[in-house]
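Observations on the three-dimensional arrangement
Listed here are the chains, written in short residue letters.
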Amino acid sequence: MGLSQSTVAWSNDYALGLAEIDEQHKFLFHLIDDIWRAVASKADRDATMKVIAELERYTVTHFAAEEAFMREQLYSRYQEHRAEHEKFVARIALERAGVKAGKPLSLELLHFLRDWLVQHIRFTDRAYADEFRDHEKAAMQSSLAKFFKRFLG
Ligand code: FEO
């Protein structure tokens, strides 16, 4: 595969079934693909800064939204999840500082971003989505049971 051909693409296998979150994840893939293009075309520092800063900005936005959702759901593994987010944001901030100082983005970074995102969505994000669905199901069953108890006396 040539460098011009991106390998950063969304797959339906990554879908969590939570529409808003899936849309945000798709956009993250799109932004990482922009970085791929910047590396492949040997973009200058300003253009590279723009794509990495945009990834950093949107990542922070997405993580904040997801963390708020997890807090509201009283997600049992919130703290570990948040720690993963913080580590990732710190890595992007480090890369942005490097670009600012004149360092080019590396292919290794591209692989890291893509692999991290895929693993994080497939395992870490999926865990809260599954727990959320379990709670929803339990709440539905409990209200159904209450209804029939009332109905049947
Ligand atoms: Fe969707 Fe935990 O990032």
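In this report, the structure presented in the accompanying data block is examined. (Residues numbered from 1 in each chain as written. Predicted model: local features only at pLDDT ≥ 70, side-chain atom pairs only at ≥ 80, totals over all residues. Heavy atoms only, no water.)

1. Notes on the pattern of salt bridges
Considering all chains together, one arrives at twelve salt bridges under this definition. Where Glu23 meets Lys26, a salt bridge forms, and the shortest distance between an N and an O atom there is 3.4 Å. Here Lys26 and Glu23 lie together in helix 1 (residues 19–40), a separation of three residues that amounts to about one turn. Arg96 is the salt-bridge partner of Glu56, the closest N and O atoms lying 2.3 Å from each other. Taken as a pair, Glu56 in helix 2 (residues 45–72) and Arg96 in helix 3 (residues 78–100) lie far apart in primary sequence, 40 residues in all. Take Glu56: its relative accessible area is 15%, and that puts it in the buried class. By relative accessible area, Arg96 is classed as partly exposed at 24%. Look at the salt bridges and you will find they share partners, linking Arg91, Glu95, Lys103 and Glu108 into a network. (Salt bridge = Lys/Arg side-chain N within 4 Å of Asp/Glu carboxyl O. Helix = DSSP H or I, 4+ residues; strand = E, 2+ residues; numbered from the N terminus. Buried < 20%, exposed > 50% of the residue type's maximum accessible area, 1.4 Å probe, protein only.)

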